[in-house]
Amino acid sequence: MALNGASSNSITENPAGQVPNDGTGICQLDSYLDPFKDALRSRYAKAQKWLKTINDTEGGMERFTRGYEKFGFHVLDNGDVVYREWAPNALRAYLIGDFNNWDRDATPMTKNEFGVFEVTVPGKDGKPTIAHDSKLKISLVTPNDHARQERIPAWIKRVTQELSVSPVYDARFWNPPKEARYVFKNKRPPKPASARIYEAHVGISSPEPKVATYKEFTQNILPRIKNLGYNVIQLMAIMEHAYYASFGYQINSFFAASSRYGPPDDLKELIDTAHGMGITVLLDVVHSHASKNVLDGLNMFDGSDHLYFHEGAKGRHELWDSRLFNYGHHEVLRFLLSNLRFWMEEYQFDGFRFDGVTSMLYTHHGIGTGFSGGYHEYFGPGVDEEGVVYLMLANEMLHQLYPDIITIAEDVSGMPGLCVALSLGGIGFDYRLAMAVPDLYIKWLKEKEDIDWDMGNLVFTLTNRRHGEKTIAYAESHDQALVGDKTLLFWLCDAQMYTHMSTLSEETPVISRGLSLHKLIRLITHGLGGEGYLNFEGNEFGHPEWLDFPREGNGNSYMYARRQFNLVDDKLLRYHFLNDFDSKMQWTEEKYGWLHSPQAYISLKHEGDKVIVFERAGLLWIFNFHPSNSFTDYRVGVEQEGTYRIVLSTDSKDFGGHGNVDESTRFFTTPFAWNERKNFLQVYIPARTAIVS
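The rules behind each value
- Residues numbered from 1 in each chain as written.
- Predicted model: local features only at pLDDT ≥ 70, side-chain atom pairs only at ≥ 80, totals over all residues.
- Heavy atoms only, no water.
- UniProt positions renumbered as here; feature names shortened; annotations may be inferred.
- Helix = DSSP H or I, 4+ residues; strand = E, 2+ residues; numbered from the N terminus.
- Rg over C-alpha atoms; globule rule 2.2 N^0.38 Å.
- Areas by Shrake-Rupley, 256 points an atom, 1.4 Å probe, with all protein chains shown as cover.
- Lys, Arg positive; Asp, Glu negative; His and termini not counted.
- Charge placed at Lys NZ, Arg CZ, Asp CG, Glu CD.
- Expected span 1.5 Å × (residues − 1).
- Buried < 20%, exposed > 50% of the residue type's maximum accessible area, 1.4 Å probe, protein only.
- Core = buried A, V, L, I, M, F, W, Y, C linked by side-chain atoms within 4.5 Å.
- Domains from an automatic or database assignment.
- Contact = heavy atoms within 4.5 Å.
- Pairing = 2+ DSSP bridges.
- Axes fitted to C-alpha atoms, helices over the stretch in contact; angles between N-to-C directions.
- Buried area = accessible area lost by both parts, 1.4 Å probe.
- Salt bridge = Lys/Arg side-chain N within 4 Å of Asp/Glu carboxyl O.
- Polar contact = N/O pair within 3.5 Å; in protein donor to acceptor, adjacent residues only side chain to side chain.
- Phe/Tyr/Trp six-rings, centres within 6.5 Å; stacked < 30°, edge-to-face > 60°.
- Lys NZ or Arg CZ within 6 Å of the ring centre and 35° of its normal.
- Parallel < 35°, antiparallel > 145°, perpendicular 65-115°, else oblique.
- Left-handed = near helix turned anticlockwise from the far one by under 90°.
- Nonpolar A, V, L, I, M, F, W, Y, C, P; charged D, E, K, R; others polar.
- Patch = residues over 30% accessible without salt bridge, like charges linked within 9 Å, V, L, I, M, F, W, Y side chains within 5 Å.

- The name an unreviewed UniProt entry gives the protein chain is 1,4-alpha-glucan-branching enzyme, with Lentithecium fluviatile CBS 122367 as the organism.
- In its Function (unreviewed entry) section, UniProt records this for the protein chain: "Glycogen-branching enzyme participates in the glycogen biosynthetic process along with glycogenin and glycogen synthase. Generates alpha-1,6-glucosidic branches from alpha-1,4-linked glucose chains, to increase solubility of the glycogen polymer."
- In its Sequence similarities (unreviewed entry) section, the UniProt record describing the protein chain reads: "Belongs to the glycosyl hydrolase 13 family. GlgB subfamily."

**Focus on the overall build of the protein chain**
Phase 1: Helix and strand content of the protein chain: 15 helices and 30 strands.
Phase 2: Here the protein chain has a C-alpha radius of gyration of 27 Å; the compact-globule value for 693 residues is 26 Å, and the two agree.
Phase 3: C-alpha extents for the protein chain along the principal axes are approximately 85 × 65 × 45 Å.
Phase 4: Summing over all exposed atoms, the protein chain offers an accessible surface of approximately 26,300 Å²; the carbon and sulfur share of this is 50%.
Phase 5: Distance between charge centres in the protein chain, computed from 70 positive and 89 negative side chains, equals 2 Å.

**A closer look at helix H13 (residues 509-528)**
Phase 1: Given a rise of 1.5 Å per residue, 20 residues ought to cover 28 Å, and the 28 Å separating the end C-alpha atoms of H13 matches this to within 8%.
Phase 2: Counting buried positions along H13 gives 18 out of 20 residues, so the element sits mostly inside the fold.

**So, the nonpolar core**
Phase 1: Counting residues in hydrophobic clusters, the biggest one holds 185 residues, and the most contacted among them are Leu235, Tyr308 and Trp343.
Phase 2: When we break this core down by domain, the ones giving at least three residues each are domain 1 (445-599) and domain 2 (601-692).
Phase 3: The contact partners of Leu235, leaving out residues within four places of it in the chain, are Ala200, Val202, Phe217, Leu267, Leu270, Val281, Leu282, Leu283, Asp284 and Phe349.
Phase 4: Ranked by size, the runner-up nonpolar core spans 17 residues in total, among them Ile622, Val636, Val661 and Ile685.

**Examining the sheet that holds strand S22 (residues 601-606)**
Phase 1: Read from one edge of the open sheet, five strands run S22-S23-S24-S30-S27, paired in antiparallel fashion. Unpaired on one side and paired on the other, S22 and strand S27 (648-649) mark the two borders of the sheet.
Phase 2: By the bridge criterion, five bridges tie S22 to strand S23 (residues 611-616) in an arrangement that is antiparallel. Directly across from Lys605, in S23, lies its bridge partner Ile612.
Phase 3: In the packing of H13 onto the sheet, contacts are made with S22, S23, strand S24 (619-624), S27 and strand S30 (689-692), and the angle to S23 comes to roughly 35°.

**Here's the deal with the domain arrangement of the protein chain**
Think of interface size as the accessible area that goes away when the parts come together; that is how it is often given.
Phase 1: Taken as a whole, the protein chain is organised into domain 1 (445-599) and domain 2 (601-692).
Phase 2: Taking only C-alpha atoms, the centre of domain 1 and the centre of domain 2 are 22 Å apart.
Phase 3: Taken together, the contact between domain 1 and domain 2 spans 40 residues of the former and 32 residues of the latter.
Phase 4: Between domain 1 and domain 2, a total of about 3,000 Å² is buried, with carbon and sulfur atoms accounting for 70% of that surface.
Phase 5: Of all residues in domain 1, Met455, Leu520 and Tyr592 give up the largest surface area on contact with domain 2, accounting jointly for 22% of the area buried on that side.
Phase 6: Our enumeration of links across domain 1 and domain 2 arrives at one salt bridge.
Phase 7: Of the charged contacts, one joins Asp450 and Arg688 as a salt bridge, the two residues approaching to 2.7 Å between their closest N and O atoms.
Phase 8: Our count for the contact surface shared by domain 1 and domain 2 stands at 14 residue pairs in polar contact (both at pLDDT 80 or more).
Phase 9: Residue assignment for the side of domain 1 that touches domain 2 shows that the elements contributing at least two residues are helix H10 (455-463), H13 and helix H15 (575-592).

**Some remarks on unusual backbone geometry**
A negative phi holds for most residues other than glycine; trans holds for most peptide bonds.
Phase 1: Non-glycine residue Asp125 carries a positive phi angle of around 55°.
Phase 2: As for its position among the elements, Asp125 is in the loop between strand S5 (116-121) and strand S6 (135-141).
Phase 3: Note on Asp125: relative accessible area 73%, which makes it exposed.

**A closer look at the UniProt feature "active site" (unreviewed entry) in the protein chain**
Phase 1: According to UniProt, the positions carrying the feature "active site" (unreviewed entry) are Asp355 and Glu410. Look at the named residues: they lie 56 residues apart in sequence, but the longest C-alpha span between them is just 5.5 Å, so in the fold they bunch up.
Phase 2: Structurally, the position occupied by Asp355 is in the loop between strand S17 (351-354) and helix H7 (357-361).
Phase 3: With near-sequence residues (within four places) excluded, Asp355 lies in contact with Tyr249, Asp284, Val285, Val286, Ser288, Met360 and Glu410.
Phase 4: If you trace the backbone, Glu410 turns up in the loop between strand S18 (406-409) and strand S19 (431-433).
Phase 5: Those residues in contact with Glu410 that sit more than four places away from it in its chain are Arg353, Phe354, Asp355, Gly356, Val357, Thr358, Leu433, Met435 and Asp479.

**Structural notes on the sheet that holds S5**
Phase 1: With respect to topology, four strands assemble into an open sheet ordered S1-S2-S5-S4, the strand pairing being antiparallel. Where the open sheet ends on each side, the last strands, each with one partner, are strand S1 (72-75) and strand S4 (110-111).
Phase 2: Bridging between strand S2 (residues 81-86) and S5 involves six bridges; their strand directions are antiparallel. Counted as the bridge partner of Val81 is Val121 from S5.

**Some points on the packing of aromatic side chains**
Phase 1: For the coordinates displayed, the defined rule picks out 48 aromatic pairs.
Phase 2: Aromatic side chains Phe255 and Phe335 sit 5.3 Å apart centroid to centroid with 75° between the ring planes, which places their arrangement in the edge-to-face category. Linking Phe255 in strand S13 (residues 251-257) with Phe335 in helix H6 (residues 330-346), this pair joins segments that are 80 residues apart in sequence.
Phase 3: Above the ring of Trp174, the side-chain terminus of Arg158 is found at 4.9 Å from the ring centroid.

**A look at the pattern of salt bridges**
Phase 1: Taken as a whole and judged by the stated rule, the model has 50 salt bridges.
Phase 2: Across the salt bridge formed by Arg432 and Glu469, the nearest N and O atoms sit 2.8 Å from each other. Here Glu469 lies in the loop between H10 and strand S20 (471-473) and Arg432 lies in strand S19, a separation of 37 residues in the sequence. Like Arg432, the residue Glu469 is buried in the burial classification.

**Points about the packing of helix H9 (residues 436-447) against H13**
Phase 1: Close contact between H9 and H13 brings their axes to 12 Å; oriented N to C, the two are set at 155°. Here H9 is positioned roughly antiparallel relative to H13, judged by the angle of their axes. Here the hand of the crossing between H9 and H13 comes out right-handed. Residue-level inspection shows Val437, Tyr441 and Leu445 of H9 in contact with H13, the latter providing Arg513, Ile521, Ile524 and Thr525.
Phase 2: Here the residues of the contact of H9 with H13 sort into five nonpolar, one polar and one charged.

**Overview of the side chain of Thr487**
Phase 1: Mapped onto the secondary structure, Thr487 falls in the loop between helix H11 (478-481) and helix H12 (488-493).
Phase 2: If we skip the residues at most four places from it in the chain, Thr487 touches Glu476, Gln480, Ala481, Asn539, His543 and Glu545.

**Overview of the environment of Ser205**
Phase 1: Structurally, Ser205 can be placed in the loop between strand S10 (195-201) and helix H4 (214-228).
Phase 2: Distance from Ser205 to Ala561, taken between C-alpha atoms, is 8.7 Å for residues 356 residues apart in sequence.
Phase 3: Aside from chain neighbours lying at most four places away, what touches Ser205 is Ala212, Phe217, Ile221, Glu537 and Phe565.
Phase 4: Within polar-contact distance, the side chain of Ser205 engages the backbone oxygen of His201 at 2.6 Å.

**Quick look at a positive patch on the surface**
Phase 1: Judged by side-chain charge, Lys584, Lys591, Arg645 and Arg666 come together as a positively charged surface patch.
Phase 2: Relative to the helices and strands, Arg666 resides in strand S28 (residues 666-668).

**Section: H6**
Phase 1: For H6, spanning 17 residues, the distance from its first C-alpha to its last is 23 Å, which sits close to the expected 24 Å at 1.5 Å a residue.
Phase 2: Within H6, 15 of the 17 residues are buried, leaving the element largely enclosed by the surrounding structure.
Phase 3: A positive phi of about 65° marks Gln348, the residue just after H6.

Structure, rendered in structure tokens:
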């Protein structure tokens, strides 16, 4: 896989070695792709053609992706405000707002040959005549009905919602005085060698039943994340979304940071403060679809069905009830690529987790499709080549302009080449999410007795990833926390979480099992599952209950739309054991760096004993999943001779274990081959315990 690492992540540069520069270099990494060389060449050629078009017509990708400097509202030095909007189907357009008393005819706009409307609102005494934070809209006259349609500007940077008045958003002219604007103090941290990701949602980041703020997250949650040892935060639900309960996945204003949590500068302060702690911050970006809202979204913006989206059924996602972008359109590319650039520049994000990539890659959007892993599923008529090319262009632009960027793809299909360098014909992401892993744990906890857990299947699922394509493993994410499902600890302990999580009550077999397996599952996922690790906030300490946003079905309650960090701060509750273990796990990885080390060598998967042994990053990992059998002098093979000492034990009393493992023990190797390793050593490994040496 050295070829991938050595090859440039750019369509414009040659791959390493004697590899053809036509998008088929990826076949040298995976010969099963050979029958699909034509499809690989086709998408590569399309991406090259787009780059040439952008160079010829826009002066290059760097200028093209600054669309936010041309469209939307811009204040000139003399106080004039220039506003531009692409709305080719509209006959006429007017800017209306508080500044002109909402007079529909007072401020007409002019339209150019590309369908772009423009108007300049003159300043007065060097200052804008549109007041900061005042409301405005674009008023359009469209064919056929000639009725006025008022819309929120597509490139608007600030929208607010007054639910007591209406769920529809208001557009705001955001232009604070220069002296009041946030100034970033800290440089972006270097790209982490190991990505330990804390997936977080600002609004739920408080024990109180309310929508938490950017300020509260900065003050209360960032120190927790730092202390836990995570070095990357993935922020959800930041792009302004119509409906709080959508978890941020129904975007209506792509350039606006959600006003639910506070003003834009508070988000900037959050990111800047994280940078000061050495933490990388990623945005959960939604370019896979858009809210179908007409009054405050992009849908039917200029009266047509096909401005930013495909027309008709092709432009609608039947499961998500949302609109689908036309990735093959020049202006849509400008909008989306500039959107990525905007979040990098304006808010200083360090990268993106792209949501819903499966929907973007296929014309069927993954609906009703069970991916078997057959390569024919990844090529041919089911693939949306325009969507693939858009993702290639996005990674091209981002990696060229921001060499330290991190891009992550959320894809359930297993598309080959997703995390292969663009010069080889890959799609250019840095990481993909290992979505099969949490599904396995939930399935087993629902359906199997512990004694029936299949060690071979567990190892296979954790290591079954495309060789050389970096993967982020996780035991559970926000998906598993949602109402209708349960967190892992809830599956393990259920009702006893309400009665026996206090250290003053007896540790029942259910609680003991729950604490043990919670740690084992996380540790083996961390050590074996990928080149990055992700945790959803609160799950590190076994957050009780599911996550459910206020909605009609629950009486608009915030009861479950919060994270009860107070539970972990109470040392009389057992949650802090899990929290402390999670922290120890992250900081131990920081020291030894197994996530950026080569894949593990697995020397043992013993079905009867329920024991798994592997080596990674110079460490020996031993897991005993057996519900009742402990083993003394258990012989395990190890390649490297020497003396081993325990660096992490799930059985430590500090982590709610039973203290049966003496952590001062030293293990000495014997030069006798065992399990195809050159040496062996013998350990005591109690039931439901893991040690790392």
